[in-house]
Amino acid sequence: MRSNYTHMKNVVGILLFMLVAVTGCKKNWNEHYEEQGSISQLDLLAYLKTQPQYSLFVSKLEEYGIAEELTRDQELTIWAVPNDQMAAFESSTEDKISILKYHINNLKYDSGKLKDGLKLITLNGKYLMVSRKDNQAYVGDAKLIKANQFCKNGVVHEIDLLLKPDVSIYDYLRGLGNDYSIIRDSVLAMNDTIFDLSNSVPIGVDPTGNTLYDSVFTITNPIFEKANIRSEFANVTMFLPTNQVIKNCFDDLQRLYNQFGKKFLREDSLIAYTWIKEAIFYNEIITDYGTKDLTSAFNRLWKPGIQLVDPQYKRMSNGRIFNVTKLKIPNNVHIQMIKQLFHYYEYVPENEKANLFGLANVTAIEPKDRDKVSFPTLGIELTYRTLLIRGDIADNKPASINFTPIMLERKPDGSTGYKVVEVPPGEYNLYMGFLAKNHPFVNIYVDDKLVAKSLNVEPSTPWNYDRATNTVAGTKYNGWGGLVGPVVIEGDKIRSFKIKVEFAGLGKGTVENIEPYHWALIPTVNNY
């Protein structure tokens, strides 16, 4: 009997505990909402009508046929605009229905769910971005000023201004003015309009038996396949240059090409334009610009320390746009090869040679015509002309030439002159060619730094003239020659440099003759 009584006492105790716990939870739940907002048993529309501060907002929902959405058996989030901010609605030239639907989200989001970076799809099909600053929630540009007004079918949040629907990056680009026509037109020119059979509705048959459709067309563009700047479901970033920024970039290229003796051709401009289009689109929202290098949707490298942008981005419905203030085509994109010949020494006046060419233990120096060759498929005949530098093997002092690279240019009077080659700083691979037969070993320096020691340049492949390595297809014309090694041109602006060739011992030959033909600098992947 005592056992049963004890058992009943325990059961009663447990039930009392549960009743207290449930009552306490209900009290805490109600207190939670009292602290966080208000609760109404009305639907969203009926509730808003009880709040005079939203009367203008509600009247516009009714006027444009949207109010009924707020009475349905569904959960919505409403971003209510107070009366004193509705003047912006009347003055707006944008689609009024689109603006109002931008203030309504499917699903209920109380303030606790409004996390920084959250994107909410609105009834107009555009995304609304949530952000937080100093524990204050924002949607778009608007601040939450009265949150969590809970209703039977959703929640109302009051905001401090009328929301303006963000546009997609594509729509923004399409609407740009002539200051951006280069990038705008080059992107839009890639569009293709395609008949969308699956979404087109048959409406009849023509006299020949062909089906007639209420046709739907879709726009395709190769850029969309990598970074869909048109889709509202994408998260993309674009770096946007003006025409002037692009022009400045091309002017810099032109000056640079002039410095190392290359014409800026149409093919070069196409390479540059292609790089720009492929470097400015990113399949991510870039939030920390300047902290790291970026890789575009087309796998192009973008270095923020070199490519300059305004950090105050424009928010889009599907990402961000940063305005570019300075643009540079990377060296390894537009520079395929910087190359000149050693025999150009002969075009320098005698009284200027000492400033450009340092000779040590040299007994004689002269240009020499060597092998004659023809390239019938190219219609080219030429004679390889080298620079022969003689030393005296008996004196045990290595002959050398410390050569400032130069190139030829046409003078105003029509004669041939020279100018010093200047190149952008960065990492290159140095290639060279010689009259390879019986050539001695050499040491090669760039700006007095050893690049290759006791280099054997006697094998005809790849060292004989420029007849090897990346030659014109199907020929042995205009190649890079043999790889000497990587070099770094130091500095932060284009400048001249020196190549030193030094005798380092006999091979199969018997005389101390150095006979270089050409040099070539090829930018490495690290040369930006």
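Residues numbered from 1 in each chain as written. Predicted model: local features only at pLDDT ≥ 70, side-chain atom pairs only at ≥ 80, totals over all residues. Heavy atoms only, no water.

(A) Representation of the packing of aromatic side chains. Enumeration according to the criterion identifies 25 aromatic pairs in this entry. Between Tyr127 and Phe233 the ring centres are 6.1 Å apart and the planes differ by 85°, which places this aromatic pair in the edge-to-face class. Of this pair, Tyr127 sits in strand β5 (residues 127–133) while Phe233 sits in the loop between α8 (222–226) and β13 (236–241), and the two are 106 residues apart along the sequence. Relative accessible area serves as the criterion here: at 66%, Phe233 is assigned to the exposed category. Counting every residue linked through ring pairs, the aromatic cluster contains Phe239, Trp275, Tyr282, Tyr289, Trp302, Tyr313 and Phe322. When the ring centre of Tyr138 is taken as origin, the NZ or CZ atom of Lys133, which lies over that ring, is 5.4 Å away. (Phe/Tyr/Trp six-rings, centres within 6.5 Å; stacked < 30°, edge-to-face > 60°. Helix = DSSP H or I, 4+ residues; strand = E, 2+ residues; numbered from the N terminus. Buried < 20%, exposed > 50% of the residue type's maximum accessible area, 1.4 Å probe, protein only. Lys NZ or Arg CZ within 6 Å of the ring centre and 35° of its normal.)

(B) Examining the environment of Met86 more closely. You can see Met86 is positioned in the loop between β2 (76–80) and α4 (87–91). It is 70 Å that separates the C-alpha atoms of Met86 and Thr471, two residues lying 385 residues apart in sequence.

(C) Expanded view of the environment of Arg495. Tracing the backbone shows Arg495 in the loop between β30 (482–489) and β31 (499–503). Separated by 119 residues in sequence, Arg495 and Pro376 place their C-alpha atoms 38 Å apart. Apart from residues lying up to four places away in sequence, Arg495 is in contact with Val421, Glu422, Val423, Asp447, Ile489 and Glu490. At a separation of 2.9 Å, a polar atom in the side chain of Arg495 contacts the side chain of Asp447. (Contact = heavy atoms within 4.5 Å. Polar contact = N/O pair within 3.5 Å; in protein donor to acceptor, adjacent residues only side chain to side chain.)

(D) Region of the structure containing the side chain of Thr404. Topologically, Thr404 is positioned in the loop between β24 (400–403) and β25 (406–410). Discounting residues that sit within four places of it in the chain, Thr404 has contacts with Leu356, Phe357, Val420, Phe497 and Lys498.

(E) A look at the pairing of β2. Within β2, five of the five residues are buried, which leaves the element mostly enclosed by the surrounding structure. Burial along β2 is two-sided: the residues Leu76, Ile78 and Ala80 and Thr77 and Trp79 are all buried. In this structure, β2 lies alongside strand β3 (residues 104–106), joined through three bridges in antiparallel fashion. Its bridge partner being in β3, Leu76 is matched across the sheet by Asn106. Inspection of the sheet shows β2 paired to strand β8 (residues 154–159) by five bridges, in the parallel sense. Opposite Ile78, over in β8, you have Val156 as the bridge partner. (Pairing = 2+ DSSP bridges.)

(F) Region of the structure containing the sheet that holds strand β33 (residues 516–523). With antiparallel pairing, four strands are arranged side by side in an open sheet as β20-β33-β27-β30. The open sheet has two edge strands with one neighbour each: β20 (338–341) and β30. Pairwise comparison of adjacent strand axes, ignoring direction, gives a mean angle of 20° for this sheet. Across seven bridges, the pairing between strand β27 (residues 426–434) and β30 is antiparallel. Within β30, the residue paired with Leu430 across the bridge is Gly485. (Axes fitted to C-alpha atoms, helices over the stretch in contact; angles between N-to-C directions.)

Everything listed here is a matter of coordinates, which is why it stays silent on function.
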